[in-house]
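What follows is the residue order along each chain.
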Amino acid sequence: MASEGGGAFLPQEIIRRKRNDEILTSDEISFFIKSLSDNSITEGQVAAWAMAVFFQGLERGETVALTEAMRDSGSVLEWSGMALPGPLLDKHSTGGVGDKVSLLLAPMVAAAGGCVPMISGRGLGHTGGTLDKLDSIPGYDTAPSIEVFRRVVADAGCAIIGQTADLAPADRRLYGIRDVTATVESIPLITASILSKKLAAGLDGLVMDVKFGSGAFAATEAQAEELARSIVEVANGAGLRTTALLSDMNQVLGLSAGNAVEVREAIDFLRGDERQSRLHELTLALTAELLVTGGLAPDVGEGREMARKTLESGAAAERFAAMVAALGGPADLLERPEQVTLAEHELAVLAEQAGVVAALDVRRIGLAIIALGGGRRRAGDAIDHGVGLTRLAGPGDEVGPERPLCLVHARGPAAAEEAAREIRAAVTLGNHAPPGPLVLERIAS
């Protein structure tokens, strides 16, 4: 806290006050985030503060102050001098296993007339990260200069990159520390992390995909709704038009989970080779919502039709290819997806007995991918982009000798067998009830 004469703040006092459930001032929060950015406080102090916030929470005003301080820790993109063809729109997911929607939605929105400057993150906890998936594409640059980022958005209509040194640097450091200190599942910290990057991108509209279930950070619908309302209220309060959809994460989204395997599935989806129904439905719903938010569609029904046409015409695939090439990836990736390589050892995981998949422990499946090397145990860990799971069975699927639970892609038989044991343990066979709705609720300000 500051002295009566306006002296310097002490990090340990700010930690103590939040530990004791006191409300921090915007000046205290601004100081702490500035100190985090310039490394004048230690990783231990940041971890202690994050844990205090995890247990005590933040008031809405504190969350707004934290979000703005993290946004202001770096540059805020300006687009006014560029001749963009449409509004600046983006989507963000709170994280799920097999969630490759961003790889599909960005080019679909671009093909429908929007511009998508998507600043994404890496894997957090047991869930995969969009940047880790894109890193499996040879040559793709997830950290271009701001000038290149702006040019690709203008030319291709979309660009998916990571946080550069200029954009919300405080969040980048805090994000890495949260990942390895069990402070991921904090609504104020998630809210500020997401929105600091989105506000720094200079967006006109945002849609949030807030997930709940065994594979999500929010285990229940109530927790997801609380997070969605936090994000929508803080974002709209900061002048960014934002809505949120609550979606089910009690099964893997799509047919694959990992990094390279999900890029390959996204390419299949965009080319029209195979579109798993739940992945298709959620992608259409989020794209339609965003087209309405950006004024490109009059209502969700028309937005869905516009989104569908970008797929059927091949326009979305063309935008994806243009983005990949412009950011250093292969110009012929859609024609030669095998350039995204998979781990060489493949194992079919058979159920211990034939039956119907009744339920999945999706979090356990995500952890199995981390054990294969497809995620991080500690900040800074290298990722093996080629490992993962494909042809995943979901609730309602019959499995047996002719239909495995999934295929494991690993670097050797021992790792594959270990993953197979985890997958079998994550699957419950029995009577399968009809699935509930994929999207449960829409939340707006």
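First, a word on scope: everything that follows refers to the structure included in this document. (Residues numbered from 1 in each chain as written. Predicted model: local features only at pLDDT ≥ 70, side-chain atom pairs only at ≥ 80, totals over all residues. Heavy atoms only, no water.)

## Quick notes on the overall build of the protein chain
The secondary structure content of the protein chain amounts to 16 helices and 13 strands. Taking 22 Å as the expected radius of gyration for a compact globule of 445 residues, we find that the protein chain reaches 21 Å, a close match to that expectation. If you line up the protein chain on its principal axes, its C-alpha atoms span 75 × 50 × 40 Å. Taken over 445 residues, the protein chain has a buried fraction of 57%. Relative to all contacts within the protein chain whose residues are 6 or more apart in sequence, the contacts with residues 24 or more apart total 76%. Split by element, the accessible area of the protein chain, about 16800 Å² in all, is 49% carbon and sulfur. Side chains of the protein chain give 41 positive and 59 negative charges; the mean places of these two sets differ by 1 Å. (Helix = DSSP H or I, 4+ residues; strand = E, 2+ residues; numbered from the N terminus. Rg over C-alpha atoms; globule rule 2.2 N^0.38 Å. Buried < 20%, exposed > 50% of the residue type's maximum accessible area, 1.4 Å probe, protein only. Contact = heavy atoms within 4.5 Å. Areas by Shrake-Rupley, 256 points an atom, 1.4 Å probe, with all protein chains shown as cover. Lys, Arg positive; Asp, Glu negative; His and termini not counted. Charge placed at Lys NZ, Arg CZ, Asp CG, Glu CD.)

## A closer look at the packing of aromatic side chains
Evaluation of the coordinates by the stated rule reveals four aromatic pairs. Both rings, one in Phe 54 and one in Phe 55, keep their centres 5.2 Å apart while their planes meet at 90°; by these two values the pair is edge-to-face. Here Phe 55 falls in the exposed class, since its relative accessible area comes to 61%. Sitting over the ring of Trp 79, Arg 150 keeps its end group 5.7 Å from the ring centre. (Phe/Tyr/Trp six-rings, centres within 6.5 Å; stacked < 30°, edge-to-face > 60°. Lys NZ or Arg CZ within 6 Å of the ring centre and 35° of its normal.)

## Thoughts on the side chain of Thr 390
Residue placement: Thr 390 occurs in strand S9 (residues 388-390). One polar contact links Thr 390 to His 409, side chain to side chain, over a distance of 2.8 Å. When sequence neighbours within four positions are dropped, the list of residues in contact with Thr 390 reads Leu 255, Ser 256, Val 261, Cys 406, Leu 407 and His 409. (Polar contact = N/O pair within 3.5 Å; in protein donor to acceptor, adjacent residues only side chain to side chain.)

## Here we look at the sheet that holds strand S13 (residues 439-444)
Here we have four strands laid out as an open sheet, ordered S1-S4-S5-S13, and mixed in their pairing. The sheet is open, and its two edges are formed by strand S1 (89-93) and S13, each paired on a single side. Strand-to-strand twist of the sheet, defined as the mean angle between neighbouring strand axes without regard to direction, takes the value 15°. One ladder, built from five bridges, connects S1 with strand S4 (residues 205-212); its direction is parallel. If you follow Leu 89 over to S4, its bridge partner there is Gly 205. Packed onto the sheet, helix H10 (residues 221-237) meets S4, strand S5 (241-248) and S13 and runs at close to 170° relative to S5. (Pairing = 2+ DSSP bridges. Axes fitted to C-alpha atoms, helices over the stretch in contact; angles between N-to-C directions.)

## Digging into the pattern of salt bridges
In total, this model carries 30 salt bridges according to the counting rule given. A salt bridge links Lys 198 to Asp 90, with the nearest nitrogen and oxygen atoms 2.5 Å apart. With Lys 198 in helix H9 (residues 187-200) and Asp 90 in strand S1, this pair connects stretches of sequence that are 108 residues apart. We classify Asp 90 as buried; its relative accessible area is 0%. Between Arg 391 and Glu 274 there is a salt bridge, with the nearest N and O atoms lying 3.0 Å from each other. Here Arg 391 is found in the loop between S9 and strand S10 (398-399), whereas its partner Glu 274 is found in the loop between helix H11 (260-271) and helix H12 (277-293), with 117 residues between them in sequence. What makes Glu 274 partly exposed here is its relative accessible area of 33%. Bridged by salt links that share partners, the residues Glu 13, Arg 16, Arg 17, Glu 22 and Glu 28 form one connected network. (Salt bridge = Lys/Arg side-chain N within 4 Å of Asp/Glu carboxyl O.)

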